[in-house]
Amino acid sequence: DLPRKMLRKLPSMVDVSSLMGQSFNTGSMIFAQSQRASIDAFIILARSVSSLMKTSSGRDKLCAVFQYWAGVYSACTPDAQSAAIADQVEDALSSGRKIFRLLKFLDDVEKIREVVTQEKTQPLGMRIISILCHVCSFNYYLLDNLIWIDSMGLFGPRDRKRRKQWKRWRNANSLGRTVFAILVDVWIIWQSWRREKRLFLQLQQLGCCRDAQVGILLEKINSLYTTRAIQVLDHFSNLTRLAMLTNRLKIYPFSQLSRPFVASCGVIGSLLRILIKSLSSKDTPSPTTVISNADTVTKRLERTLSASPGRTRPQLSPKVDS
């Protein structure tokens, strides 16, 4: 009886083994494809970082990483002899970075003009906050250039009181720029999440049909997701800068932060800014443009779906809402 039972189960066992072999081959193919995609993504990111290092902004951010890393080393080993060398390296890099920010305040003039003359895709409050952010950035870079010129003695005898006052005004404008940038980041993240949820609803309503509308929806969802991811990184970068500036201006309770923590915030923020610049290319549209394009596609598809009698609008499922 035992051989007969084994013979009866033999075809099913062969089928199961063949299925296991097919699933193993499929799994290995998926693993190979994902590994190849990870390598390609790393190569693209390395090329982006290499292209960024060719610009003055990229070199400035790389010097910022080394500067704050020297500050971390000096703060963690205050009694070591090498701490004095680390302080000298930090001061030298801080002075050397100023040449990369020469006349950079002119960029903010162009950005203010773009916000004023662009189409009214943003609410009036957010446009005012964006203008204030660029005004603070203009003042920050202008004062930074004046401090650098004054350090070379071009304004006559060095006045420590005047230079200290200029530094305080520069840090205050940098703090204002950071606070306004955080507000803009929160608004963009919230709006992109809302638009993405609406596009997911329309994608669910269209079903599995393979037409041009589904492709447009997927493209806009991908753009919104990428925009939101970059803005989240920028938000965390601004939070690290906020901790540093409030500690530098001695604003309670941030003035009680330890020196190693503040220097670590500088390292993390600089690395995040390098990553953001590497992910954002010159051809990347602005976040407000992405949100405006998503609104245009949403309204167009809503008119199309309302004109189709065979399709009804579904309710938002808990899976999409989460």
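Residues numbered from 1 in each chain as written. Predicted model: local features only at pLDDT ≥ 70, side-chain atom pairs only at ≥ 80, totals over all residues. Heavy atoms only, no water.

(A) The arrangement of the overall build of the protein chain in detail. Each helix and strand in the protein chain was counted, giving 10 helices and zero strands. The secondary structure elements of the protein chain, listed N-terminal to C-terminal, are α-α-α-α-α-α-α-α-α-α. By residue count, 33% of the 322 residues in the protein chain fall in the buried class. (Helix = DSSP H or I, 4+ residues; strand = E, 2+ residues; numbered from the N terminus. Buried < 20%, exposed > 50% of the residue type's maximum accessible area, 1.4 Å probe, protein only.)

(B) Representation of the side chain of D185 in the model. Tracing the sequence through the fold places D185 in helix α6 (residues 160–206). It turns out D185 is buried and unbridged, and the closest side chain with the opposite charge, R241, is 8.7 Å from it. Filtering out sequence-adjacent residues up to four positions away, D185 remains in contact with Q231, D234, H235 and N238. (Lys, Arg positive; Asp, Glu negative; His and termini not counted. Salt bridge = Lys/Arg side-chain N within 4 Å of Asp/Glu carboxyl O. Contact = heavy atoms within 4.5 Å.)

(C) Structural detail: the environment of D234. For D234, the location among the structural elements is in helix α7 (residues 212–248). Relative accessible area serves as the criterion here: at 21%, D234 is assigned to the partly exposed category. Put simply, D234 and R273 are 39 residues apart on the chain and 7.1 Å apart in space, counted from C-alpha to C-alpha. Those residues in contact with D234 that sit more than four places away from it in its chain are D185 and I276.

(D) Layout of helix α4 (residues 105–117). Over its 13 residues, α4 runs 19 Å from end to end, which matches the ideal 18 Å to within 8%, given 1.5 Å per residue. Within the sequence span of α4, burial applies to F105, D108, I112 and V115. The arc that holds every buried residue of α4, seen down its axis, measures 65°, which confines them to one face. Looking at the buried residues of α4, the elements they touch are α5 (124–151). (Expected span 1.5 Å × (residues − 1). Arc of directions from axis to C-beta.)

(E) Structural view of unusual backbone geometry. Going from Y252 to P253, the amide bond is cis rather than trans, its omega being 0°. Locating P253 in the fold gives a position in the loop between α7 and α8 (259–279). A positive phi angle, near 60°, is found at L103, a position not held by glycine. Within the secondary structure layout, L103 lies in the loop between α3 (82–96) and α4. Residue L103 is classed as partly exposed on the basis of its relative accessible area of 47%. In this model, K250 sits at a positive phi of 60°, which is unusual for a non-glycine residue. As for its placement among the helices and strands, K250 is situated in the loop between α7 and α8.

(F) Main features of the nonpolar core. Core analysis: the biggest nonpolar cluster contains nine residues, these being A64, Y68, V72, A243, M244, V262, A263, C265 and V267. For V72, the residues in contact, after removing those within four places along its chain, are P260, A263, S264 and V267. (Core = buried A, V, L, I, M, F, W, Y, C linked by side-chain atoms within 4.5 Å.)

(G) Region of the structure containing α5. For α5, with 28 residues, the first-to-last C-alpha span of 41 Å sits near the 40 Å given by 1.5 Å per residue. The first or second residue beyond α5 is G153, which carries a positive phi of 80°.

(H) Spotlight on a nonpolar patch on the surface. A surface patch of nonpolar side chains, amounting to about 430 Å² of accessible area, comprises I99, L102, L103, L106 and V109. Turning to its location among the elements, I99 is positioned in the loop between α3 and α4. (Patch = residues over 30% accessible without salt bridge, like charges linked within 9 Å, V, L, I, M, F, W, Y side chains within 5 Å. Areas by Shrake-Rupley, 256 points an atom, 1.4 Å probe, with all protein chains shown as cover.)

(I) Expanded view of the pattern of salt bridges. Using the criterion set out here, one finds 10 salt bridges in the structure. For R259, the salt bridge is made with E90, and the minimal N-O distance between the two is 4.0 Å. With R259 in helix α8 and E90 in helix α3, this residue pair connects regions lying 169 residues apart in the sequence. Classification of R259 as partly exposed rests on a relative accessible area of 46%. One salt bridge in this structure joins R101 and D144, with 3.0 Å as the shortest N-O distance. Taken together, the positions of R101 in the loop between α3 and α4 and D144 in helix α5 put the pair 43 residues apart, joining distant regions of the chain. Here the two residues R101 and D144 agree in accessibility, since each one is buried. One salt-bridge network, in which partners are shared between bridges, spans D60, R97, K98, R101, D144 and R170.

(J) Examining the packing of aromatic side chains more closely. For the structure shown, the criterion picks out three aromatic pairs. Judged by centre distance (5.1 Å) and plane angle (65°), the rings of Y140 and Y141 are edge-to-face. Summarising the burial analysis for this pair, Y140 and Y141 share the class buried. Seen from the ring of W166, R162 lies directly overhead, with NZ or CZ sitting 5.5 Å from the centre. The ring of Y140 has R177 lying over it, and the distance from NZ or CZ to the ring centre is 4.6 Å. (Phe/Tyr/Trp six-rings, centres within 6.5 Å; stacked < 30°, edge-to-face > 60°. Lys NZ or Arg CZ within 6 Å of the ring centre and 35° of its normal.)

Remember that the coordinates give geometry; whether it matters functionally is a separate question.
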